[in-house]
Amino acid sequence: MKKLVLPALFAVAAFSLSTAALAAPSLDEVLTNLQNNQGKIKDLYAETVTKITSNLQLTTRNQTKTMEQKGKIWSKGDKLSKIEIDSPMKQITITNGDKMMITNPETGQKMIQDLKKLRQQSGGDNSGQMNLAKAKEMFDLSLAEKDSNYIVSGVPKQANQFLGKLEFYIDPSRWVPTKIIMYDPKGKQVSQSELTYQQVNGLTVPAAVKSAISSPAGAMKVEMSYQNVKVNQGLSDSVFKIE
């Protein structure tokens with residue numbers, strides 16, 4: 001009987017290991033699945049409420065200050081976006097490719113910036129996009145698995161005085177990031193963002209983002225909720241017009 005049992009156990013173990021190896025995706029597959037899922041959202045509109053709690057010494061004198069912002073966001077593809085803040089102050093920011101315009105609708109004042117020129121001056125990327133190829137170009141990437149989630153870690157290839165490492169926690173059942181952690185060059189955690197989602201027209205879209213940021217000047221918490229979300233409504237490019 002033992003002669004029959006042992007080979008059977010080895011066969012089961014070997015099958016389990018080979019199945020696990022086949023099931024485990026590569027780093028490229030994880031990033032591709034994430035990018036493909038995000039690509040399902042062609043355009044998006046949402047109303048937002050953002051609560052900011054801060055004791056940063058740059059804005060307060062050792063006191064905790066809370067502020068709430070209400071606004072709207074529009075996005076289309078990865079080059080067009082519009083953010084309209086309604087309160088406590090009004091401001092409209094439009095990004096269209098390599099240009100960004102900031103407008104005060106109450107005074108009519110506007111400022112237009114050439115993002116490509118700014119990136120060239122800072123030695124940064126000129127495309128304005130963060131896709132799979134660009135991520136590989138800018139970061140040394142690695143993949144780990146923890147608690148049924150995948151963790152994609154990125155270390156800048158060029159020395160950075162602010163960023164030492166980024167960690168993205170990916171939920172493989174939905175192919176969305178659920179947590180993002182940023183570390184400084186000394187390995188100290190400086191920020192953590194947790195993301196939750198909702199279903200709209202069969203697509204997974206943001207519901208809320210909670211972020212905690214720490215620095216020598218103090219700490220800040222940001223809680224942003226997305227309401228009345230609409231996706232793939234065929235937004236016109238004129239929404240993002242800069243003139």
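Rules used in this analysis
- Residues numbered from 1 in each chain as written.
- Predicted model: local features only at pLDDT ≥ 70, side-chain atom pairs only at ≥ 80, totals over all residues.
- Heavy atoms only, no water.
- Helix = DSSP H or I, 4+ residues; strand = E, 2+ residues; numbered from the N terminus.
- Buried < 20%, exposed > 50% of the residue type's maximum accessible area, 1.4 Å probe, protein only.
- Contact = heavy atoms within 4.5 Å.
- Areas by Shrake-Rupley, 256 points an atom, 1.4 Å probe, with all protein chains shown as cover.
- Salt bridge = Lys/Arg side-chain N within 4 Å of Asp/Glu carboxyl O.
- Core = buried A, V, L, I, M, F, W, Y, C linked by side-chain atoms within 4.5 Å.
- Pairing = 2+ DSSP bridges.
- Phe/Tyr/Trp six-rings, centres within 6.5 Å; stacked < 30°, edge-to-face > 60°.
- Lys NZ or Arg CZ within 6 Å of the ring centre and 35° of its normal.
- pLDDT = per-residue confidence, 0-100.

Let us now look at the overall build of the protein. When its secondary structure is counted, the protein shows four helices and 13 strands. The buried share of the protein, reckoned over its 243 residues, is 32%. Sequence separation of 24 or more characterises 38% of the internal contacts of the protein that already satisfy a separation of 6 or more. Approximately 15,700 Å² of the protein is accessible, and the part contributed by carbon and sulfur atoms is 55%.

Attention shifts here to unusual backbone geometry. Here the amide bond leading from Ser-87 into Pro-88 is cis, since omega sits at 5°, within 30 degrees of zero. Mapping Pro-88 onto the fold places it in the loop between β3 (80–87) and β4 (91–96). Backbone geometry at Asp-147 places phi at a positive 50°, although glycine is not the residue there. Within the element layout of this structure, Asp-147 appears in the loop between β7 (139–146) and β8 (149–156). With a phi close to 50°, Asn-232 is a non-glycine residue in the positive phi region. Following the sequence through the fold, Asn-232 ends up in the segment after β13 (218–231).

This part is about the pattern of salt bridges. Inspection of the entire model under this criterion finds six salt bridges. Of the charged contacts, one joins Asp-86 and Lys-72 as a salt bridge, the two residues approaching to 2.8 Å between their closest N and O atoms. Highlighted residues: Asp-86 in strand β3 and Lys-72 in strand β2 (residues 65–76), separated in sequence by 14 residues. Given a relative accessible area of 22%, Lys-72 falls into the partly exposed group. Taking the shortest distance from any N to any O, the salt bridge between Asp-171 and Arg-174 comes out at 2.9 Å.

For the rest of this paragraph, the subject is the side chain of Thr-50. Structurally, Thr-50 is set in strand β1 (residues 43–54). Among the residues examined, Thr-50 registers a relative accessible area of 9% and is labelled buried. Ignoring sequence-local partners within four residues, the contact set of Thr-50 consists of Met-67, Glu-68, Gln-69, Val-222, Glu-223 and Met-224.

Let us look at the environment of Lys-65. By the element assignment, Lys-65 lies in strand β2. Residues Lys-65 and Met-220, spaced 155 residues apart in sequence, show a C-alpha to C-alpha distance of 9.5 Å.

What follows is about the nonpolar core. Note that soluble globular proteins tend to have their nonpolar side chains buried in a common cluster. Among the nonpolar cores identified, the biggest contains 13 residues, and Leu-44, Ala-46, Val-205, Tyr-226, Val-229 and Val-231 are the most heavily contacted of them. Elements supplying a minimum of two residues to this core: β1, β11 (189–200), β12 (203–215) and β13. Aside from chain neighbours lying at most four places away, what touches Tyr-226 is Ala-46, Glu-47, Thr-48, Ile-73, Gln-198, Pro-206, Ala-207, Ala-208 and Val-209. Formed by nine residues, the second largest nonpolar core is a distinct cluster that contains Trp-74, Ile-92, Ile-94 and Leu-235.

The subject of this paragraph is the pairing of strand β6 (residues 110–114). For strand β5 (residues 99–103) and β6, the ladder comprises five bridges, and the chain directions are antiparallel. Within the sheet, the bridge partner assigned to Ile-102 lies in β6 and is Met-111. Two successive antiparallel strands, β5 and β6, enclose a turn made up of six residues, where Gly-108 displays a positive phi of approximately 85°.

In the structure shown here, the tally under the stated rule is two aromatic pairs. Seen in terms of ring centroids, Tyr-45 and Trp-74 are 5.4 Å apart; in terms of plane orientation they differ by 55°. Their pairing is tilted. Here Tyr-45, found in strand β1, pairs with Trp-74, found in strand β2; they are 29 residues apart in sequence, far enough to count as distant. Comparing Tyr-45 with Trp-74 shows no difference in burial state: the two are buried. Between Tyr-150 and Trp-175, the aromatic rings sit 6.1 Å apart at their centres with planes inclined by 5°, giving stacked as the arrangement. Residue Tyr-150 is found in strand β8, and its partner Trp-175 is found in the loop between β9 (165–171) and β10 (176–183); the two are separated by 25 residues along the sequence. The same class applies to Tyr-150 as to Trp-175, namely buried. Above the ring of Trp-74, the side-chain terminus of Lys-82 is found at 4.8 Å from the ring centroid. Seen from the ring of Tyr-169, Lys-179 lies directly overhead, with NZ or CZ sitting 4.5 Å from the centre.

Right, let's talk about the confidence of the model for the protein for a bit. For the protein, the average pLDDT comes to 85, and 82% of its residues sit at 70 or higher. Note that pLDDT drops below 50 for residues 1–22; the model gives that stretch one contact with residues more than four away or on any other chain.

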